[in-house]
Amino acid sequence: MKSIRTKITAMTMFIVVLTMTVATIFGVTAIRDIGTRSADRMLALLCETGQKNLNHYFDSVEQSVEMVSAYVQSDLKGIDDNELQAHLDRVSDIFKKLTYKTFGVLTYYYRISPEVSKDVKGFWYVNLTGDKFEEHKVTDISQYDVNDTSKLVWFTVPRATGKGLWLPPYVTDNLDVRVISYNVPVYHEKRFIGVIGIEIDYSMMASEVKNISLYDNGYAFLINSKGGIAYHPRMDVANSVIKPATPAGLLSESEYLRYKFDGVEKQAAWLPLNNGMRICVSVPVREINAEWRKWSSRIGTVFGVFLFAFFFVI
């Protein structure tokens with residue numbers, strides 16, 4: 001009789017312990033999965049927020065340039081110096097009205113190719129103080145080889161491609177300010193006339209990205225259309241002679257990425273931007289794991305207390 005009671009007690013204890021162990025394992029696994037999914041959602045949400053803010057910024061600039069471009073094509077009737085200068089004056093008025101309503105514009109311009117006119121050069125308006133636009137002396141395009149797209153990129157690249165496009169960050173001529181720009185080539189009867197464009201301050205774009213953070217060491221950064229680091233809050237990309245290499249894995253097309261940087265494993269999410277860049281939000285994997293491990297540890301503690309109390313009562 002005593003033997004049967006002992007066996008039943010042992011069996012009961014075994015079943016209870018097994019049940020609690022299985023429940024604990026499932027609980028820890030569920031917490032880990034929930035923690036990982038939660039981190040992924042936060043990465044995606046921050047990435048999406050940054051994408052929307054930056055795209056709104058880029059879209060307003062692109063729309064302004066395209067609107068001016070449409071006006072230019074309809075207004076340009078001839079290319080003798082008098083007609084061209086009158087045309088430029090009208091376009092300048094249109095540009096002025098649009099740029100005052102476009103956030104973050106640093107400069108706007110309409111530059112005429114030296115091949116079209118040696119005397120009518122176009123205009124360049126600059127707003128360095130944030131108060132108002134003032135006309136600035138234009139760069140002498142005739143001093144450059146316009147077939148060399150590594151120089152005077154805001155003019156030579158649209159000329160070479162024949163279409164409107166965003167350019168990666170560069171230092172603008174005469175101002176020594178790092179900018180990005182949207183530029184559209186102008187044609188008259190299939191002849192290249194010049195380029196219109198808007199430059200926006202790189203630092204304003206950078207500050208938008210710098211404000212994105214997650215956990216203790218999570219941050220956002222930008223990758224340019226060629227796969228290089230365009231902005232990083234912990235690297236001086238703008239002033240680096242040797243550009244930092246993009247970590248392997250960051251250029252994957254997967255929605256969520258795992259990669260290593262400075263020996264630290266990281267989880268990241270990315271989304272495309274309308275200017276051809278990518279915005280990425282990254283966080284160390286150890287910080288993601290720390291959250292679910294903390295709760296797993298609490299479950300383990302509760303499990304241990306339960307077993308102790310169970311065996312003590314038994």
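Cut-offs and rules
- Residues numbered from 1 in each chain as written.
- Predicted model: local features only at pLDDT ≥ 70, side-chain atom pairs only at ≥ 80, totals over all residues.
- Heavy atoms only, no water.
- Pairing = 2+ DSSP bridges.
- Helix = DSSP H or I, 4+ residues; strand = E, 2+ residues; numbered from the N terminus.
- Contact = heavy atoms within 4.5 Å.
- Axes fitted to C-alpha atoms, helices over the stretch in contact; angles between N-to-C directions.
- Buried < 20%, exposed > 50% of the residue type's maximum accessible area, 1.4 Å probe, protein only.
- Arc of directions from axis to C-beta.
- Core = buried A, V, L, I, M, F, W, Y, C linked by side-chain atoms within 4.5 Å.
- Expected span 1.5 Å × (residues − 1).
- Polar contact = N/O pair within 3.5 Å; in protein donor to acceptor, adjacent residues only side chain to side chain.

Novice: Honestly, the sheet that holds strand β1 (residues 105-112) in this entry has me stumped. Any pointers?
Specialist: Hydrogen bonds between backbone atoms are what pair the strands of a sheet, whose relative direction is either parallel or antiparallel. Ordered in space as β3-β2-β1-β6-β5-β4, the 6 strands form an open sheet in which the pairing is antiparallel. The two strands at the open ends of the sheet, each matched to only one other strand, are β3 (134-135) and β4 (165-171). Of the pairings in the sheet, the one linking strand β5 (residues 178-188) to strand β6 (residues 191-201) comprises 10 bridges and is antiparallel in character. Paired with asparagine 183 across the strands is glycine 197, a residue of β6. Lying over the sheet, helix α3 (residues 153-161) contacts β1, β4, β5 and β6, oriented at roughly 155 degrees with respect to β4.

Novice: So what exactly am I meant to see when it comes to unusual backbone geometry here?
Specialist: For residues that are not glycine, phi is negative in most cases, and the peptide bond is trans in most cases. Even without being a glycine, aspartate 176 presents a positive backbone phi close to 55 degrees. Mapping aspartate 176 onto the fold places it in the loop between β4 and β5. Judged by relative accessible area, which is 66%, aspartate 176 ranks as exposed. Its identity as a non-glycine residue notwithstanding, lysine 190 has a phi of 70 degrees, on the positive side.

Novice: Can you help me understand the side chain of serine 69 in this one?
Specialist: By secondary structure assignment, the location of serine 69 is in helix α1 (residues 2-75). Here serine 69 is in contact with Val184 and Ile196, once residues within four sequence places are set aside.

Novice: So what exactly am I meant to see when it comes to helix α4 (residues 202-210) here?
Specialist: The periodicity of an α-helix, 3.6 residues per turn, causes residues three or four positions apart to be oriented the same way. Where α4 is concerned, the buried positions are Tyr202, Met205, Ala206 and Val209. Down the axis, α4 shows its buried residues gathered within 100 degrees of arc, on one side only.

Novice: Hey, could you run me through the nonpolar core in this one?
Specialist: Taken as a class, soluble globular proteins show a tendency for nonpolar side chains to be buried jointly. Among the nonpolar cores identified, the biggest contains 51 residues, and Phe58, Tyr110, Ile196, Met205 and Leu222 are the most heavily contacted of them. Apart from residues lying up to four places away in sequence, isoleucine 196 is in contact with Val65, Val68, Ser69, Val72, Phe95, Tyr109, Tyr110, Tyr182, Asn183, Val184 and Val186. With 20 residues, the next largest nonpolar core counts Val126, Tyr170, Leu175 and Val195 among its residues.

Novice: When you look at the environment of arginine 191 in this model, what are you seeing that I'm missing?
Specialist: Mapped onto the elements, arginine 191 comes out in strand β6. Separated by 75 residues in the primary sequence, arginine 191 and valine 116 have C-alpha atoms spaced 9.0 Å apart. Residues in contact with arginine 191, not counting those within four places in the same chain, are Ile79, Glu115, Val116 and Val186.

Novice: Would you explain helix α2 (residues 81-99) in this entry?
Specialist: Here α2 is 19 residues long and its end C-alpha atoms lie 26 Å apart, about the 27 Å a rise of 1.5 Å per residue gives. Every buried residue of α2 is accounted for by Leu84, His87, Leu88, Val91, Ser92, Phe95, Leu98 and Thr99. Looking straight down α2, one finds its buried side chains confined to an arc of 150 degrees; they lie on one side. Exposed residues pointing more than 90 degrees away from the buried face of α2 are listed as Asn82 and Lys97. Where α2 begins, one side-chain oxygen reaches toward the backbone nitrogen of asparagine 82, 3.1 Å away; that side chain belongs to aspartate 80.

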